[in-house]
Every structure is written in structure tokens, then in C-alpha cells.
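Structure at a glance
If you want the building blocks of each chain, they are given just below.
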Amino acid sequence: MRREELRNRSPHWRTLLEARWRARLEEVTELSLAYHIAAEGSEDKDEARRVLHRAVVARQGLAETEEALRRLAAGDFGRCERCGAGIPATSLLAAPESRYCPRCAAASAPSRLGETPELTLGMTPSHP
Ligand SMILES: [Zn+2]
């Protein structure tokens, strides 16, 4: 009998999260490398900035996945951090890193949805 199966009754979440973690780590590594290449070429500063932004976003995603894995190990995975309600499996399948139930997520969503950093960055003029 595996101890892990006893501790969290949904071992497939771990498999899913670890697969996402690996994919994101790969993305962060690739983007970091791409950034250094872009930053060394002095002609295309915009490209370097775009790649850096994507690397930062990817790294945040990696941290979120690590946080979800920690919650899984602690037995808190799938429970809303704000109200303690269970997060529906459908929500977790779409975003295993979810920390809040749909109701709490909706309450804090507007500020997040309003941000379009990529678009803003893409329109930044290259000359000051
Ligand atoms: Zn909640």
C-alpha cells in the first residue's frame, strides 16, 4: 500500500500537476535562454522586453504550480483558501492551480481581468 494514496485520495492530481510543473519549467528555461539571446543582440530591444515579460509570466505560473503541489502534500488541495469550500473538479481540471472556489475567485477577478500587460508592452514605443 502506497502512503501517498492514503494521504491524498486523488493521486492523479499529483501526476497532472507534476506534468504541468515540468512543462512550465521547460518554458521558463527556454524563455530565459531566448531572453539572453535577444538581449545580446543590440538591435531588437522590444523583442528582448517581450521575451522577458513572457519569462516573468511563465515563472509566476511555475510558482503557482509549485504552490499547488505544496497544498496537495499538505492535504489542502482543492479547498478554497478564503472560505474553505471545496473547489469543483471541473474548475481544478481547467486550472489545477486554483486557490479559490468559483465564488471567491469571481469576487477577486475584476482587477486581474482588467490587466493586459502583454498588449501594453507590445505597444511601447522603442524610442524614449
Ligand atoms: Zn471560496
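Residues numbered from 1 in each chain as written. Predicted model: local features only at pLDDT ≥ 70, side-chain atom pairs only at ≥ 80, totals over all residues.

**Quick notes on the overall build of the protein**
In terms of regular secondary structure, the protein is built from six helices and zero strands. The N-to-C order of helical and strand elements in the protein reads α-α-α-α-α-α. For the protein, contacts bridging at least 24 residues in sequence account for 54% of all contacts bridging at least 6. (Helix = DSSP H or I, 4+ residues; strand = E, 2+ residues; numbered from the N terminus. Contact = placed C-beta atoms within 7 Å.)

**A few points about the confidence of the model for the protein**
Mean pLDDT for the protein: 82, with 75% of residues reaching 70 or above. Across the protein, the element-wise mean pLDDT spans from 41 in helix α6 (residues 117-122) up to 94 in helix α3 (residues 45-74). With pLDDT under 50 throughout, residues 4-8 is counted as low confidence; its partners more than four residues away or in other chains account for seven contacts. Throughout residues 112-128 the model reports pLDDT below 50, and contacts reaching past four residues in sequence, or to other chains, amount to eight contacts. (pLDDT = per-residue confidence, 0-100.)

**Section: the nonpolar core**
In terms of nonpolar packing, the biggest core is built from seven residues, these being V28, L31, Y35, V51, A55, A58 and L62. Elements supplying a minimum of two residues to this core: α2 (11-40) and α3. Excluding residues that lie within four positions of it along the chain, A55 makes contacts with V28, L31, S32 and Y35. With five residues, the next largest nonpolar core counts W13, L17, L72 and F77 among its residues. (Core = buried A, V, L, I, M, F, W, Y, C linked by C-beta atoms within 7 Å. Buried ≥ 20, exposed ≤ 12 C-beta atoms within 10 Å, placed from the backbone.)

**Some remarks on the environment of P102**
Mapped onto the fold, P102 is located in helix α5 (residues 102-113). Judged by local crowding, P102 falls into the partly exposed class, with 15 C-beta atoms found within 10 Å. A sequence separation of eleven residues divides P102 from S91, and the C-alpha atoms of the two residues are 7.7 Å apart.

**Observations concerning α3**
Between its first and last C-alpha, α3 extends 43 Å over 30 residues, near the 44 Å set by a 1.5 Å rise per residue. V51, A55, A58, L62, T65, A68 and L72 are the residues of α3 that are buried. One or two residues past the end of α3 sits G75, with phi positive at roughly 85 degrees. (Expected span 1.5 Å × (residues − 1).)

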